[in-house]
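Notes for the structure review
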Amino acid sequence: MSSKYRPPAVLAMFLDPERLLAAIKAVREQGYRGIDAYTPYPVHGLSDALGLKISWMPRVTKTAFFVGAGLGFTFEAWTMAWAWPLNIAGKPYISVPAYMPVTFESGILIAGISTFIAVLIAGRLRPAPNFQNLDASLTNDRFGLYVPVRPYEQANVQELLTSLGAEEVRNLA
Amino acid sequence: MSQVAAHPHATVNAEPPIYRADLTLSQVNRDITAAIFRRPNAWWFVGMAIALSCLGLGSYVVWVQLHVGMGVLGLKRPGMWGTYIVDFVFWVGIAHAGTLISAILFLFRQRWRTAINRSAEAMTIFAVMCAGLFPLLHIGRTMIAYWLIPYPNTRHLWVNFRSPLIWDVFAVSTYTIISLLFWYQGMIPDLATVRDMHPGKIGRKVYGIFSQRWKGTARDWHHYEAAYGLFAAIATPLVLSVHSVVSSDFAVSSIPGWHDTIFPPYFVAGAIFSGFAMVITVLTVVRKAFSLEDYITIDHMELMAKIILATSMIVSYGYIIEVFMSWYGEVAVENHIYIWIRFFGPYAWAGWTIVFCNCIAPLIFWFRFARRNMLILFVASIIINIGMWFERYVIIVTSLSQDFLPSNWRYFAPTTWDIGTFIGSLGLFFMMFMLFARFVPVIAISEVKSVLRTPVGEPRQPSGSLEGSHV
């Protein structure tokens, strides 16, 4: 495997999401922090179990929408009324109703692109031809629980996770 | 079924199951990715050959048009919009079902959409690409098509933002980009699944590039799900706006037959109607070709048939209101277009074609047996596709061919070049769809997994690949 340093941790694999959620609860009650779960699909209640805060995505989308729409409208008004004012069918230079479609579409365009980039940043996603997941079955049918530990805790945590119904527990060093 | 009912998920999923109750998580992986890992069968190659021949024909026709000039198309006054704009509106309409399924049905929590959203979104993107070709060709001087985009230039000129044709440029290109991002974002976890299953070295690298280091951690999913919902929320008004803007190309003008306030809702309903028909056409073939009958079930087909029936009613209502309002309004020129030439005059054949294809034929979906019979579904969807093409033909061609000045009137008939270009766009569409079905999971694996009745992994064989690491 790769020679990069990996902090010591324990990875437990569960066969179903209920046991994963129960294990997260138990491990958190024992005081372990920085734990993460690997699931093949978004499991309902996982974010709550891990105590994740509400995602900051909506703020990105909302801000980007208003910025994009504002820029779109400003650009239309600037080109039509200031850069080269043209009298078209006697309409006002700033014809607000006629500018609305492009204003709206620019808002949506910027909001969508920003949201997409935000997802990549949030998950530190980037093209990685040589990437290997901790285990291939984590995107298939296993529910993984990742617990960072101090080296002397490994045995205890392994025992705890096995007793919680893990099918398999592994040391990651 | 008793052990299924006893499962804790049974209380959550109290509704009837969307997929077979005994499907396991890894079975879903195997079934859906089967098409990627095995050599495609002869039918795939036959289909590809047909699609490529159509595309070749279309490329030749387009090359001649670019080389010789638009004159070969036989466009004459007054029907200058020809069939290219018919084709454009047709393809944009087809493109609407994908985003409807992925965004609007998502917001309504319609979980059956998981079976069809990926392929419908792919269809959206390919249909928008086909649609985009037609205005680019139709402007005649394709080499300066970039003049449509406002950019600083030495002439200090800007596009006219009061024109619906410029709204169209913005609406369609925004729609293309947002659909593409929505589609790709939803696909990243599935590409990671393919990456982790792939036996080949190069395959793992390629899917590794496109799956963006996806690990499936709770934090990844947390943001992913939030973003997916937000994409759905912004794509919903977008999809409704795009065809409304396309309809403004007509409604904002003063041509009788186009100048009509009913156009935006009526175009959007027609777009959804034709889009779902195309989804049925394509998925009928896909579920057979890749043995996905367990995923794209007859129940899903029935639900789509119901949406087709509902939108057919709306479209029929639109036709009736158009005719009624022109009769009730007593404007002679509108009566002439809406009633006389569309239903009794030179284009009566096209007018009654759309009445049959879009209003009468879909009525068969009132019957349950028809909604659940693949042959009837397939034939009806083809009829609807034809009908919706002719709807745009009737709107565009009849209104232009007999305008305010009777000395201008001329009967419009498409030439072989029109037809050749349209066949070319069909070839492009089906070629891209077949490549998609070959290299990308055609069904959203992670979304199917999230609505399984019993999401349980299969116990591993004792001689697994990870035996050294067992504790």
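Residues numbered from 1 in each chain as written. Chains lettered and ligands numbered in written order. Predicted model: local features only at pLDDT ≥ 70, side-chain atom pairs only at ≥ 80, totals over all residues.

Moving on, we come to the overall build of chain B. Helix and strand counts for chain B stand at 18 helices and zero strands. In terms of overall size, chain B behaves like a compact globule, its C-alpha atoms giving a radius of gyration of 24 Å where 471 residues would be expected to give roughly 23 Å. If one aligns the C-alpha atoms of chain B with their principal axes, the spans along those axes are about 90 × 55 × 40 Å. Taken over 471 residues, chain B has a buried fraction of 49%. For chain B, restricting intrachain contacts to residue pairs at least 6 apart in sequence, the fraction spanning at least 24 positions comes to 81%. (Helix = DSSP H or I, 4+ residues; strand = E, 2+ residues; numbered from the N terminus. Rg over C-alpha atoms; globule rule 2.2 N^0.38 Å. Buried ≥ 20, exposed ≤ 12 C-beta atoms within 10 Å, placed from the backbone. Contact = placed C-beta atoms within 7 Å.)

This paragraph deals with the overall build of chain A. For chain A, the helix and strand inventory stands at five helices and four strands. Counting helices and strands in the order they occur from the N terminus, chain A gives β-α-β-α-α-α-β-α-β. For chain A, whose C-alpha radius of gyration is 25 Å, the value lies well above the compact-globule estimate of 16 Å for 173 residues. Overall, chain A is about 80 × 35 × 25 Å in size when its C-alpha atoms are taken along their principal axes. Each of the 173 residues in chain A was classed as buried or not, and the buried ones make up 43%.

A separate point is the interface of chain A and chain B. Counting from both sides, the interface comprises 65 residues of chain A and, opposite them, 60 residues of chain B. If you list the elements that add at least two residues to the side of chain A that touches chain B, you get α1 (17-29), β2 (36-38), α2 (46-50), α3 (57-83), α4 (96-122), α5 (154-163) and β4 (168-172) of chain A. A per-element tally of the side of chain A that touches chain B places α4(A) first, with 17 residues. Among the residues forming the side of chain A that touches chain B, the class breakdown is 38 nonpolar, 15 polar and 12 charged. (Nonpolar A, V, L, I, M, F, W, Y, C, P; charged D, E, K, R; others polar.)

All names here are of chain A. The strand order across the open sheet built from four strands is β2-β3-β1-β4, with neighbouring strands paired in antiparallel fashion. A strand with exactly one partner marks an edge of an open sheet, and here the two such strands are β2 and β4. Across this sheet, the average inter-strand angle for adjacent strands is 20 degrees, counted without regard to direction. Examined bridge by bridge, strand β1 (residues 9-14) and β4 share five bridges and lie antiparallel to one another. Note that in β4 the partner of Met 13 across the bridge is Glu 168. α1 contacts β1, β2 and β3 (143-148) of the sheet and is inclined by roughly 15 degrees relative to β3. Packing of α5 onto the sheet brings it into contact with β1, β3 and β4, and relative to β1 it is tilted by some 10 degrees. (Pairing = 2+ DSSP bridges. Axes fitted to C-alpha atoms, helices over the stretch in contact; angles between N-to-C directions.)

Next up on the list: unusual backbone geometry. Glycine aside, negative phi is the norm for most residues, and most peptide bonds take the trans geometry. With an omega dihedral of -5 degrees, the bond running from Arg77(B) to Pro78(B) counts as a cis peptide bond. Tracing the chain through its elements places Pro78(B) in the loop between α4 (42-68) and α5 (82-94). At Ala89(A), a residue that is not glycine, the phi angle is positive and equals roughly 55 degrees. Here Ala89(A) is to be found in the loop between α3 and α4. Taking the number of C-beta atoms within 10 Å as the measure of exposure, Ala89(A) has 6 and is therefore exposed. The phi dihedral of Arg109(B) is positive, around 55 degrees, even though this residue is not glycine. Among the secondary structure elements, Arg109(B) is positioned in the loop between α6 (96-107) and α7 (117-138).

A few words on the environment of Thr398(B). Residues and elements named next belong to chain B. By secondary structure assignment, the location of Thr 398 is in helix α16 (residues 374-401). Classification of Thr 398 by C-beta neighbours within 10 Å gives buried; the count is 25. Along the backbone, Thr 398 and Ala 120 are 278 residues apart, and their C-alpha atoms lie at a distance of 32 Å.

In this section: the environment of Glu447(B). Residue and element names in this part refer to chain B. You can see Glu 447 is positioned in helix α18 (residues 445-450). Residue class for Glu 447 comes out buried when judged on the 22 C-beta atoms lying within 10 Å of it. Distance in space between the C-alpha atoms of Glu 447 and Gly 186 is 9.1 Å, their sequence separation being 261 residues.

Further remarks concern the packing of α5(B) against helix α10 (residues 218-251) of chain B. Residue and element names in this part refer to chain B. Contact geometry for α5 and α10: axes closest at 10 Å, N-to-C directions at 165 degrees. In terms of orientation, α5 lies roughly antiparallel with respect to α10. Along this stretch, α5 crosses α10, giving a crossing that reads as left-handed. Note on element contacts: α10 touches α5 through Val 242, His 243 and Val 246, opposite Val 89, Val 92 and Gly 93. For the contact of α5 with α10, the class distribution of residues is four nonpolar, two polar and no charged. (Parallel < 35°, antiparallel > 145°, perpendicular 65-115°, else oblique. Left-handed = near helix turned anticlockwise from the far one by under 90°.)

As a further point, take helix α14 (residues 348-360) of chain B. Residues and elements named next belong to chain B. What α14 keeps buried is the set Gly 351, Ile 354, Cys 357 and Asn 358. On an axial view of α14, the arc spanned by its buried residues comes to 145 degrees, and they lie on one face. Where α14 is buried, its residues meet α12 (298-329), α13 (332-343) and α16. (Arc of directions from axis to C-beta.)

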